[in-house]
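Report on the structure
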Amino acid sequence: MHYRPRPTKLGHLVLKVRDIHRSLAFYTDVVGLQLSDWIDDSMVFLRCGEDHHDLALLQLPPGHSDAPDGQYPSVEHFSYRVESLAEMEQITAMLIARGIPIDRGLGAHGPGANSFIVFRDPDGNNVEFYSDMTQITSGSPYEPSVWDGSKLETFDRWRLEKFVVPPPARIQVLIDKDGRDDA
């Protein structure tokens, strides 16, 4: 019998947006979400409950402002929560054993502090399992902050030590820059 993950809930969604400030206003003023954190001016994390985020908005690069009819920004990934880092490690081993394409991980994000593994479904959609997300409650208040997107720890607090695939190109640029700064 194959190992089978045990997700406990649909976690969060990351949407690619054409105008992050307009979208932020929509999701806070119209939908009623609360701001948790930013990464530079390119990604914003929002919540409706105690999870650090259940929606994140990712700014598309310039040139995506006017989409043709029927064309919309897309989902970067959606996620499922699991109970622990130990289960995350079992999931990672299962994905490797089954030959499932892994996009990034195993890692731990800065904003939200959650562990992550992102992989592709048969249609190429990014699916994420995560655990241990920061919880924001009335008993543990949280002050939003802006994370520096040029710092590797913003993407992965473990600095790729547990990654099982090469980092995405945008993260490799940070690593290369880090190496040049030390020279």
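The rules we used
- Residues numbered from 1 in each chain as written.
- Predicted model: local features only at pLDDT ≥ 70, side-chain atom pairs only at ≥ 80, totals over all residues.
- Heavy atoms only, no water.
- Core = buried A, V, L, I, M, F, W, Y, C linked by side-chain atoms within 4.5 Å.
- Buried < 20%, exposed > 50% of the residue type's maximum accessible area, 1.4 Å probe, protein only.
- Helix = DSSP H or I, 4+ residues; strand = E, 2+ residues; numbered from the N terminus.
- Polar contact = N/O pair within 3.5 Å; in protein donor to acceptor, adjacent residues only side chain to side chain.
- Contact = heavy atoms within 4.5 Å.
- Pairing = 2+ DSSP bridges.
- Arc of directions from axis to C-beta.

1. What to know about the nonpolar core
By size, the foremost hydrophobic cluster in this structure holds eleven residues: Val82, Met88, Ile91, Met94, Leu95, Ile102, Leu106, Ile117, Phe119, Val127 and Phe129. Contributions of two or more residues to this core are made by α2 (85-98), β6 (102-108), β7 (115-120) and β8 (126-131). Sort the elements by how many residues they give to this core and α2 lands first, with four residues. One finds Leu15, Leu24, Trp38 and Leu57 within the second-largest nonpolar core, a separate group that totals ten residues.

2. Quick word on the side chain of Asp103
Structurally, Asp103 can be placed in strand β6. Residue class for Asp103 comes out buried when judged on its relative accessible area of 18%. Among the polar contacts made by the side chain of Asp103, one reaches the side chain of Arg120 at a distance of 2.6 Å. In this structure, Asp103 is in contact with Val118, Phe119, Arg120, Asn126 and Val165, ignoring residues within four places of it in sequence.

3. Some points on the pairing of strand β4 (residues 55-59)
Where strand β1 (residues 9-17) lies against β4, five bridges are found, and the strand directions are parallel. Looking at β4, one finds that Leu13 is bridged to Leu55. Here four bridges tie strand β3 (residues 43-47) to β4, and the two strands are oriented antiparallel to one another. Bridging across to β4, Val44 finds its partner in Leu57.

4. Notes on helix α1 (residues 20-30)
Within the span of α1, buried status applies to Ile20, Ser23 and Leu24. Axial view of α1: buried residues confined to an arc of 105°, hence all on one face. Those residues of α1 that are exposed and angled more than 90 degrees off the buried face are Arg22, Asp29 and Val30. Looking at the buried positions of α1, the neighbouring elements they touch are β1, β2 (34-39), β3 and β4. Its side-chain oxygen at 3.1 Å from the backbone nitrogen of His21, Asp19 defines the N-terminal cap of α1. Remark: Gly32 follows α1 within two positions and exhibits a positive phi of approximately 90°.

Spatial relationships are all this shows, so hold off on functional conclusions.
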